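Listed below, chain by chain, are the residues.
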Amino acid sequence: MGHTYERIDGRLRAFIEAQPLFFTATAPLSGDGTVNLSPKGITGSFVVLDEHTVAYLDFAGSNAETVAHLRENGRITLMWCAFQGPPNIVRVHGRGEPVFRDDPRFGELLGRFPGVDPEPHGLRAIIVVTADTVRDSCGFAVPHMSYEGDRDLHAKRFAREDDASLDAYFARKEHIATSLDGLPGLPLPLPPTSRQ
């Protein structure tokens, strides 16, 4: 049923890039820490950088668990499911890194996302994932569902923020600078964006 692949190319890449939704899973090293699972899906906010590397834009939200877990241990799994067409599930198990706005690589990486305007979404970081293992499985039990389009609520909410007000918003949230388990999360105040 499932197969392991050495790279993200061909039909695997086409399948991943066609999905409007994917999920990220991370966990701290602590055995009693909180496992985090997050949906991601703003059109244009995910890219395949090469056969072993993918990236997505990390936008404003009410916590920063993925960032905290990646800063601690780097472990991450990304998953895509076919909700339309032939059944399929693809998982990328790998090592992730948050590239923050003041990182010299930030500007070049941001240029790899031409299909989305990150400004209205409160861009915090770019998550870069290097694949260790790429696997697919049948997806026979995944239901058929229709994609109607992106919600516009995220952009409407965060488009009115500038860096100063976004910092104030994050400062009011309990689990942005520190994760649920007390790990370092998003560095605050937000660093200025590096566009080198």
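Going by the structure above, here's the rest.
The present account deals with the structure reproduced in this document. (Residues numbered from 1 in each chain as written. Predicted model: local features only at pLDDT ≥ 70, side-chain atom pairs only at ≥ 80, totals over all residues. Heavy atoms only, no water.)

**Thoughts on the overall build of the protein**
And step 1. For the protein, the count of helices and strands is five helices and eight strands.
And step 2. Ordered by position from the N terminus, the helices and strands of the protein form the series β-α-β-β-β-β-α-β-β-α-β-α-α.
And step 3. Computed over the C-alpha atoms, the radius of gyration of the protein is 17 Å, within 12% of the 16 Å expected from 2.2 N^0.38 for a compact globule of 196 residues.
And step 4. The principal-axis extents of the C-alpha atoms in the protein amount to approximately 50 × 40 × 30 Å. (Helix = DSSP H or I, 4+ residues; strand = E, 2+ residues; numbered from the N terminus. Rg over C-alpha atoms; globule rule 2.2 N^0.38 Å.)

**A word on the pairing of strand E2 (residues 22–26)**
And step 1. Of the two faces of E2, the one lined by Phe-22, Thr-24 and Thr-26 is fully buried and the one lined by Phe-23 and Ala-25 carries no buried residue.
And step 2. Looking at chain direction, E2 and strand E3 (residues 36–40) are connected through five bridges and run antiparallel. When the bridges of E3 are listed, Phe-22 appears paired with Lys-40.
And step 3. Here E2 pairs with strand E6 (residues 75–81) via three bridges, running antiparallel. Pairing of Ala-25 across the sheet is with Thr-77, part of E6. (Buried < 20%, exposed > 50% of the residue type's maximum accessible area, 1.4 Å probe, protein only. Pairing = 2+ DSSP bridges.)

**Some thoughts on unusual backbone geometry**
And step 1. Here the residue pair Leu-188 and Pro-189 is connected by a cis peptide bond, since its omega of 0 degrees sits within 30 degrees of zero.
And step 2. Relative to the helices and strands, Pro-189 is located in the segment after helix H5 (163–172).

**Digging into the packing of aromatic side chains**
And step 1. Counted under the stated rule, the structure contains six aromatic pairs.
And step 2. Consider the rings of Phe-46 and Trp-80, whose centres lie 5.4 Å apart with planes at 70 degrees: the pair is edge-to-face. Of the two residues, Phe-46 sits in strand E4 (residues 46–50) while Trp-80 sits in strand E6, which places them 34 residues apart along the sequence. Taken as a pair, Phe-46 and Trp-80 share a single burial class, namely buried.
And step 3. The rings of Phe-22, Phe-46, Tyr-56 and Trp-80 are connected pair by pair, giving a single aromatic cluster.
And step 4. Above the plane of the ring of Phe-158 lies Arg-157, whose end atom (NZ or CZ) is 4.6 Å from the centre. (Phe/Tyr/Trp six-rings, centres within 6.5 Å; stacked < 30°, edge-to-face > 60°. Lys NZ or Arg CZ within 6 Å of the ring centre and 35° of its normal.)

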